[in-house]
Amino acid sequence: MSVFRLVLSVFDVRPPWRFMLVAAAFSLSGPPTHAAPGPAAGPWTPISQIQGTGAVSPLSGERVTTQGVVTLRLAHGYFIQDPSGDGDPRTSEGVMVFTRRSHPPEVGQLVRLTAVVTEYNPGAPGNADTSAHTVTQLHKVSDARVLSSGHRIAPVELRLPISNVDTLEQLEGMRVSLPEKLTVTGNHGLGLFGQLMLSARGRLYWPTEHVPPGEQARRAWQEDVKRSLLLDDGSNTVPAQPVPYLGDHGTVRSGDTVQGLTGVVDYGLTSRNRMGAGRYKLHPVQAPVFRRETGRRDAPQRTPGELRVASLNVQNYFTTLADGQRGCGPRLKPADCRGAKTPAEFALQQRQLVQAVIGLDADIVGLMEIENDPAGAAVQSLADAVNQQIGRNVYAVVPQPDGHGGDDAIRVAMIYRSDRVTRVNDSLSDTHSVHHRSPLAQAFTSRGGPVFSVVVSHFKSRRCDKATGFDLDQSDFQGCFNVRRVRQAEALVRWIHSAKGVKQHAGSNKVLLIGDLNAHTLEDPLRTLAAQGFVDQVARFDTDGHSYVYDAMAGRLDHVLASAAMSSHVERAMVWHINADEPSLLDFRTQAAAGAALSSASAYRSSDHDPVLTILRFGKAP
């Protein structure tokens, strides 16, 4: 038996960001249970020499003979690791053997093989990220023989955060263990690729939730990358079949935790986009067991005298099916139909949203991403479906003002409980050209209380389609079209205060601004609104107020802001976490495609945004 022990400690001078690779032991233990027929003579190249000390193998393109113990089998090959090693911490002792062989060797078997050394780029040739992190693999395998069985490779202990992400290159293909508790910080790839993003020291947040855009946000993101790692089930099917890691309610929620992972280090894409980002990942050697730290919660119970206002992004609720047969939006083009593609998808989407509206039990509900149809059939169909489920005709639609809607395929809308609140005057819409989705305002009163106005707005998306000039992503973590969103915020405030605007029309300075503003808490559009006296109510009351998860980072794009006169009447504001933390495999498209029973539909993952609920009180508290 040969034993090699590697001890390496690398500490960053800026605690707590440090990397510890400690007390690692590779052991070839126990006598062989059987030997391969024939001698295993002849020279061979150690895996460490194949991997080399850099990102690319010094033997790339050459045919070599090597050997190692099988540590993990995947659908497209297996990993082997040298049980002895070379004593150099800069070189990995493991490597991937790529083969479609129907009967690969078993885990624990010592194998010798001849193959060609290649550098695999999981992304497109022009992807700078993945091109700089190619994976050393052995291809075109020949003369593979099992030398003996019953061996075990002890894992290297890996602790997050690490001092430098590229340090993981030194562990590529090796068996490692992570002793600390890790948090699920992203589950978007669960249904497609069997992937979960994990992070140490809690989940990741979009940088501009906590620090200003620009250099501080970039530094925060760089530190967050050091404490995260992708968990990959190693399957080679898209979508993943079966979906791994599922727990209670058939889900793995962001915020769930796992501890004591052991697996093999690899590198690959995090999405279908071959020009997208790549990450180092871990293929577990044993099925992880996740713990539900924060369970699914019902909306808060209603108390006497309160008035509820909700903001709900309905994720492209279209009554016109996106089947290519009919057009949508002002252009009436089939490509602008963004919602359900089949009657089954629409039925499930509607049922999920109905459950969300009923669970919110709001007196006024602002809606975003609803079909921009002139007749208002989409918003009316949702109100009708809610009323049918309740058994009473209580929800009514705020009428569309002339010119409302904008030039996008989606618009904002509003429904309200006609038995609890009363509309005051007509609704208003700001048709300024800067708004491609016009804001909608309506004044209300309740039980003889004061008049107040609710304004629903949906600012320009952060996506970069057709972005030019200053609207391009400035690498400050505000996304594309940040300048446009600032201009929309400025126009919105001018409209509210104008002679024909919201305050004058309602005769009240009590204004509640709600909606999907596509900007995080410390970004320019929110700071613009704050400078005009609008107070962030979720920041006042909800310490865990994220409403959206993108690229495995939680943040709040959905807001409720109150004018100074209105802020004193806000008793509470909260995000109801029914959507953002749930994997997308639970949404209406995936479930319908899988033939899920419509009777099982719930409010969870009824959208990709969480709803925001505001509780107002104009009289004395009970």
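(A) Quick look at the packing of aromatic side chains. Tallying each qualifying case throughout the model produces nine aromatic pairs. Ring geometry for Y267 against Y280: centres 5.0 Å apart, planes inclined by 70°, an arrangement best described as edge-to-face. With Y267 in strand β12 (residues 257-269) and Y280 in strand β13 (residues 278-284), this residue pair connects regions lying 13 residues apart in the sequence. Taken individually, Y267 and Y280 each receive the classification buried, so the pair is uniform in this respect. Ring pairs connect the aromatic residues W206, W221, F477 and Y550, which therefore count as one cluster. In this arrangement the basic side chain of R417 is found over the ring face of Y395, its NZ or CZ atom lying 5.6 Å from the centre. The aromatic ring of F481 is capped on one face by K460, whose charged end is 4.5 Å from the ring centroid.

(B) Geometry of the confidence of the model for the chain. When the pLDDT values of the chain are averaged, the result is 90; 91% of them are 70 or greater. The low-confidence segment residues 1-39, where pLDDT is below 50, has 93 contacts with residues more than four positions distant or belonging to other chains.

(C) Summary view of the packing of helix α7 (residues 482-497) against helix α9 (residues 524-531). Contact pair α7 / α9: the axes reach a minimum separation of 8 Å and the direction vectors enclose 20°. Classified by the angle their axes make, α7 and α9 are roughly parallel. Crossing handedness for the pair α7 and α9: right-handed. Between α7 and α9, the residues in contact are N482, R485, V486, A489, E490 and V493 and D524, P525, T528 and L529, respectively. A per-class count over the contact of α7 with α9 returns five nonpolar, two polar and three charged.

(D) Up close: α9. Turning to α9, its buried residues are P525, L526, T528 and L529. Axial view of α9: buried residues confined to an arc of 155°, hence all on one face. Where the residues of α9 are buried, they touch α7, β21 (511-516) and β25 (558-562). At the C-terminal side of α9, G533 shows a positive phi close to 95°.

Thresholds, definitions, all that
Residues numbered from 1 in each chain as written. Predicted model: local features only at pLDDT ≥ 70, side-chain atom pairs only at ≥ 80, totals over all residues. Heavy atoms only, no water. Phe/Tyr/Trp six-rings, centres within 6.5 Å; stacked < 30°, edge-to-face > 60°. Helix = DSSP H or I, 4+ residues; strand = E, 2+ residues; numbered from the N terminus. Buried < 20%, exposed > 50% of the residue type's maximum accessible area, 1.4 Å probe, protein only. Lys NZ or Arg CZ within 6 Å of the ring centre and 35° of its normal. pLDDT = per-residue confidence, 0-100. Contact = heavy atoms within 4.5 Å. Axes fitted to C-alpha atoms, helices over the stretch in contact; angles between N-to-C directions. Parallel < 35°, antiparallel > 145°, perpendicular 65-115°, else oblique. Left-handed = near helix turned anticlockwise from the far one by under 90°. Nonpolar A, V, L, I, M, F, W, Y, C, P; charged D, E, K, R; others polar. Arc of directions from axis to C-beta.

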